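# Structure assessment
Chain residues, written in single-letter form:
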Amino acid sequence: MSQADSLKNQLLIAMPSLQDPNFSRTVTYICEHGDHGAMGIVINRPTKLRLADVLQHMQIDSDVGSAGDQVVYLGGPVEEERGFVLHTHTAPWDSTLPVDESISITTSRDILEAMARGEGPQRTLVALGYAGWGAGQLERELQDNAWLSGPTDQAILFELPADQRWEAAARLLGVDVNLLSSEAGHA
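This is a predicted model, so every value here is computed, not measured.

Each value, and the rule that gives it
Each chain carries its own residue numbering, running from 1 in the written order of its sequence. Local features in this predicted model are restricted to residues whose pLDDT is 70 or higher, and side-chain atom pairs enter the listing and the counts only when it is 80 or higher, whereas totals over whole chains, interfaces and linings include all residues. To obtain the side-chain values, all non-hydrogen atoms of the structure were included, while hydrogens and water were left out. Elements are defined by DSSP. Helices are runs of H or I of four residues or more, strands are runs of E of two residues or more, and each kind is numbered from the N terminus. For the radius of gyration, the atom set is restricted to C-alpha positions; the globular benchmark scales as 2.2 Å times the number of residues to the power 0.38. The rule is simple: take the accessible area with a 1.4 Å probe, protein chains only, and divide by the maximum for that residue type; under 20% is buried, over 50% is exposed, in between is partly exposed. Residue burial considers only the protein chains on display, and all accessible areas are found by Shrake-Rupley using a 1.4 Å probe. Here the positive residues are Lys and Arg and the negative ones are Asp and Glu; neither His nor the chain ends is included. The location of each charge is read from NZ of Lys, CZ of Arg, CG of Asp or CD of Glu. Only protein atoms enter the 1 Å grid, on which a cavity is a set of points fitting a 1.4 Å probe that cannot get out and a pocket is an open set with protein on both sides within 12 Å along at least 5 of 7 lines, lining residues being those with an atom within 4 Å of a point. Grid points are joined across faces, edges and corners, and a volume is the space filled by probe spheres set on the points. Amino acids outside the nonpolar list (Ala, Val, Leu, Ile, Met, Phe, Trp, Tyr, Cys, Pro) and the charged list (Asp, Glu, Lys, Arg) are all regarded as polar, and Gly is one of them.

## Quick notes on the overall build of the protein chain
- Per the secondary structure count, the protein chain includes 5 helices and 10 strands.
- For 187 residues, the compact-globule estimate of 2.2 N^0.38 gives 16 Å, and the C-alpha radius of gyration of the protein chain, at 17 Å, lies within 12% of that figure.
- Each principal axis of the C-alpha atoms in the protein chain carries an extent, and together these give about 60 × 30 × 25 Å.
- Buried positions account for 42% of the 187 residues belonging to the protein chain.
- Total accessible area on the protein chain stands at roughly 9,600 Å², and carbon and sulfur atoms take up 47% of it.
- Here the protein chain holds 12 positive side-chain charges and 26 negative ones, and the gap between their average locations is 4 Å.

## Points about the layout of surface pockets
- Considering only enclosed or pocket space, the largest pocket measures out at about 280 Å³ in volume.
- What lines the largest pocket is a set of 20 residues, and nearest its centre among them are Val54, Met58, Glu81, Gly83 and Leu128.
- Secondary-structure elements contributing two or more residues to the lining of the largest pocket are helix H1 (51-57), strand E6 (78-88), helix H2 (109-116) and strand E9 (124-134).
- A per-element tally of the lining of the largest pocket places E6 first, with 6 residues.
- Class assignment for the residues of the lining of the largest pocket results in 10 nonpolar, 5 polar and 5 charged.

Here you go:
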């Protein structure tokens, strides 16, 4: 797969016809995509957990104050017990994958420890679990009209309320998802 064909650093927008309960009406930020498959974080499925809950569970002392109220998202159905921090670039962490020149994903404890001290990245999204696709699977799902893919917007990733992200991501493509038919057609 060429770099031009990769969906890395794209938003994957579930079509209204996608009925899988794990992905219905979701927006997924694609962190990795190649011949081996794809990996992303669902960015619009908030949980009842807050950052303070995660820090407490991991026995990380915290003085984050109101930052502890940050929502934790269900990043996908794979490895839901594993944490991921999607963030703007900052100091290097122990286990970080740069997605593009401004966004990375980190899975190591040190970023949470820094966030607990109020020293972490300025913009973050904390998720449990991820979305994964095997080799060729995402490409088949795109052909079957299960998804739209489009550009990333940091405001959608980090600022917009979760319940507005699905429609906002589609609007970046000039699409009103509420007007799309749930029936797929092929010419």
